[in-house]
Amino acid sequence: RETGIALDRMGSRFQFDFSFQEKLSRHRPVYNLDGKIPTIQPHTFVSSTSTVVGDVSLGSKSSVWYSAVVRADTAKVSIGENTHIQDGAVVKSVSDTLNNTMIGSNVLIGQGAVVNQCTIGDSACVGSGAIVGTGSSIGSHARLEAGAILPPNSTVPDSQVWAGSPAKYVRDVSEEDKAAAASEASRVMGLAAAHA
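In this report, we go over the structure that sits alongside the text. Quick caveat: nothing in here was measured; it's all calculated off a predicted structure. (Residues numbered from 1 in each chain as written. Predicted model: local features only at pLDDT ≥ 70, side-chain atom pairs only at ≥ 80, totals over all residues. Heavy atoms only, no water.)

For a regular strand, the rule is simple: side chains alternate between the two faces of the sheet. Two elements, strand 16 (residues 143–144) and strand 19 (residues 160–163), share two bridges in a ladder whose sense is parallel. By the bridge assignment, Leu-144 is partnered in strand 19 with Trp-162. The sheet contact formed by strand 19 and strand 20 (residues 168–172) spans four bridges and is antiparallel. Paired with Trp-162 across the bridge in strand 20 is Tyr-169. (Pairing = 2+ DSSP bridges. Helix = DSSP H or I, 4+ residues; strand = E, 2+ residues; numbered from the N terminus.)

It is worth spelling out unusual backbone geometry at this point. Keep in mind that most residues, glycine aside, have a negative phi and that most peptide bonds are trans. A cis amide bond links Ser-165 to the next residue, Pro-166, at an omega of 0°. Relative to the helices and strands, Pro-166 is located in the loop between strand 19 and strand 20. Despite not being glycine, Gln-117 has its phi angle at roughly 30°, a positive value. Here Gln-117 is to be found in the loop between strand 11 (114–116) and strand 12 (119–120).

Among the nonpolar cores identified, the biggest contains 32 residues, and Val-70, Ile-85, Ile-109, Ile-120, Val-126, Ile-138 and Leu-144 are the most heavily contacted of them. Listing elements by their share of this core, those giving two or more residues are strand 4 (51–58) and strand 6 (69–79). With four residues, the single largest contributor to this core is strand 6. Setting aside residues no more than four positions away along its own chain, Val-70 makes contact with Thr-51, Val-52, Val-53, Val-56, Val-64, Val-77, Ile-79, Ile-85 and Val-91. Among the nonpolar cores identified, the runner-up in size contains seven residues, and Phe-45, Trp-65, Leu-108 and Val-188 belong to it. (Core = buried A, V, L, I, M, F, W, Y, C linked by side-chain atoms within 4.5 Å. Buried < 20%, exposed > 50% of the residue type's maximum accessible area, 1.4 Å probe, protein only. Contact = heavy atoms within 4.5 Å.)

Here the focus is the side chain of His-84. Here His-84 shows up in strand 7 (residues 84–85). Contact partners of His-84, with chain neighbours within four places excluded, come to Lys-61, Ser-62, Ser-63, Val-107, Leu-108, Ile-109, Ala-185, Val-188 and Met-189.

All right, on to the side chain of Thr-44 then. Structurally, Thr-44 is set in the loop between strand 2 (39–40) and strand 3 (45–46). Residue classification places Thr-44 among the buried positions, given a relative accessible area of 16%. Aside from chain neighbours lying at most four places away, what touches Thr-44 is Leu-58, Gly-59, Ser-60, Lys-61 and Ser-62.

Take the pattern of salt bridges next. Close approach of charged atoms allows side chains with opposite charge to pair. Following the criterion strictly, the structure yields six salt bridges and no others. A salt bridge links Arg-171 to Asp-177; the nearest nitrogen and oxygen atoms lie 2.6 Å apart. We classify Arg-171 as partly exposed; its relative accessible area is 35%. On the basis of relative accessible area, Asp-177 is assigned to the buried category, the value being 15%. (Salt bridge = Lys/Arg side-chain N within 4 Å of Asp/Glu carboxyl O.)

Read these as layout, nothing more, since geometry by itself doesn't imply function.
Here it is as structure tokens:
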């Protein structure tokens, strides 16, 4: 591609036409690290401005949105099917002394959330700007509300809503909450297909 662009520019210069100027982005969204290659299943959307590095496994129909980072420096990051890491979120596994980061299927990680080497169950939701401390566990169908800070080594049981700083139990997840989360996951999956 770069050779073609260089030839096109050279031809434009010979014709004294300097109007076409394409700025190239050398950003690669998927990087190997220490011989560990990210595994990305079919029908998965990784945006052009996101970064997926190292021993990462992304399930089918999942998405990593603009400016999001999924980093597996020394431990594995495993992300299930139909899971969405939204804009500006960071998921990382950077300590080899701790367990891998395991994120289940049908999970929503909101914009700007930070997920540090933890376990998140199926159909869970981490709200925008929330921080999940290292070694924590979030159960299936559980919700960590927007802006919440879950301290390291904490546990959010299945089907509970936690909020605050530090995060504390608020209530149980209702059937309406579960339906809304499933609907949002399907909506984001459709958007990812449109962006791919």
